[in-house]
Amino acid sequence: MRHLLGIEELDTDKALALLERAEFHGKAARTGEISPGSLRGKIVVQLFFEASTRTRASFEAAAKRLGADVINLSPSSSSVTKGETLLDTARNLEAMKSHAMVLRHPTSGAPHFLARHLRTSIVNAGDGTHEHPTQALLDAFTIRQRLGRIAGVRVAICGDISHSRVARSNALLLGKLGAEVRVAGPRTLLPPRFGEAFGVRVFDRLEPAMEGADVVMALRIQRERLVGSLLPSTRDYSRSFGITRARMRLAKPGALVMHPGPINRGVELEGALADAPESLVLEQVEAGVAVRAAVLEALES
Ligand code: NCD
């Protein structure tokens, strides 16, 4: 694999191969075995132009498990503050012979732009409202681990669909793997024609979307991307769209709860539910390291 830019560009066989390999890395981590040092002597550069906890740390953990050295750069501590462009910054890092560049950027398409100009492999760690492919892979991995399959599983993705790259990548990947995907959110946070574009059913109320779901995925309101007043108030939002214990009764008995993090407890997800046995939140984080190891290892450069 040359780059991982989005689920759109990833064919189903490749996605399945990555999930298989992630299983190997997940087992190795659980049994305390060291994953093979396939990236020993290589440099992985992390360029994060937006805040991150899980994604950045788990790429770093994965790279280190594979024996790579990791360089972390954020705009505030780099020459971006002196006016250097993204491309110049990336070209300079490439000159240091990096194996891969993991990029998170507020502009949709930023990783695709770098991939057109660099030889180093680019991994998209979230580009604006566009895609977050490794999140979708780790979510698929987590669902399959818990339910033993993805095909035929009904997944309701709930919240700020308009601004969520997680919703887009998940709708694409879970759809490719045969899941029945539904999305739900307030009308102002549902992009036009999302249903046709992503092959999913779209609901402007939570209840019908959650009916019979095997998995309910809650998403944060992307306040940093909201322009104007698309929401009445946080309290109104959580009253109509918050995932609560009571609402989970609409889903299948024993249905699972997911959230990519960071959680705004009591807004999109009831705090107690996030910590309940049916919550996969920390399993998702664990899966993130295994999946990202599989991705870094699969890159050609
Ligand atoms: C998500 C992101 O950055 O898109 N977080 C993550 O990577 N786990 C979701 C979010 O920020 O709400």
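The structure this text deals with has already been given above.
**Looking at the overall build of the protein chain**
If you tally the helices and strands in the protein chain, you get 12 helices and 9 strands. For 301 residues, the compact-globule formula gives about 19 Å, and the C-alpha radius of gyration of the protein chain, at 19 Å, lands near that figure. On the principal axes, the C-alpha backbone points of the protein chain span a range of 55 × 45 × 35 Å. For the protein chain, contacts bridging at least 24 residues in sequence account for 74% of all contacts bridging at least 6. For the protein chain, the exposed area adds up to about 12700 Å²; of that, 52% sits on carbon and sulfur atoms. Here the protein chain contributes 40 positively and 33 negatively charged side chains, and the mean placements of these two sets differ by 2 Å.

**Focus on the pairing of strand β6 (residues 180–184)**
For β6, a buried count of 4 out of 5 residues is recorded, marking the element as mostly surrounded by other parts of the structure. Note: strand β5 (residues 154–158) against β6, 5 bridges, orientation parallel. Counterpart to C158 in the pairing with β6 is A184. Across 3 bridges, β6 lies against strand β7 (residues 201–203) in parallel orientation. Looking across to β7, one finds that V183 is bridged to V202.

**Notes on the site of the ligand**
Around the ligand lies a shell formed by R54, T55, R104, H132, Q135, R165, V166, R220, Q222, P260, G261 and P262. The separation between an oxygen atom of the ligand and a polar side-chain atom of R165 is 2.7 Å. Side-chain polar atom of R220 to an oxygen atom of the ligand: 2.7 Å apart, as the coordinates give it. Contributions of two or more residues to the shell around the ligand are made by α2 (54–65) and α6 (165–176). Residues that form the shell around the ligand fall into these classes: 3 nonpolar, 5 polar and 4 charged. Two domains each provide a minimum of three residues to the shell around the ligand, namely domain 1 (12–131 + 285–298) and domain 2 (133–281).

About the criteria used
- Residues numbered from 1 in each chain as written.
- Predicted model: local features only at pLDDT ≥ 70, side-chain atom pairs only at ≥ 80, totals over all residues.
- Heavy atoms only, no water.
- Helix = DSSP H or I, 4+ residues; strand = E, 2+ residues; numbered from the N terminus.
- Rg over C-alpha atoms; globule rule 2.2 N^0.38 Å.
- Contact = heavy atoms within 4.5 Å.
- Areas by Shrake-Rupley, 256 points an atom, 1.4 Å probe, with all protein chains shown as cover.
- Lys, Arg positive; Asp, Glu negative; His and termini not counted.
- Charge placed at Lys NZ, Arg CZ, Asp CG, Glu CD.
- Buried < 20%, exposed > 50% of the residue type's maximum accessible area, 1.4 Å probe, protein only.
- Pairing = 2+ DSSP bridges.
- Near = heavy atom within 4 Å.
- Polar contact = N/O pair within 3.5 Å; in protein donor to acceptor, adjacent residues only side chain to side chain.
- Nonpolar A, V, L, I, M, F, W, Y, C, P; charged D, E, K, R; others polar.
- Domains from an automatic or database assignment.

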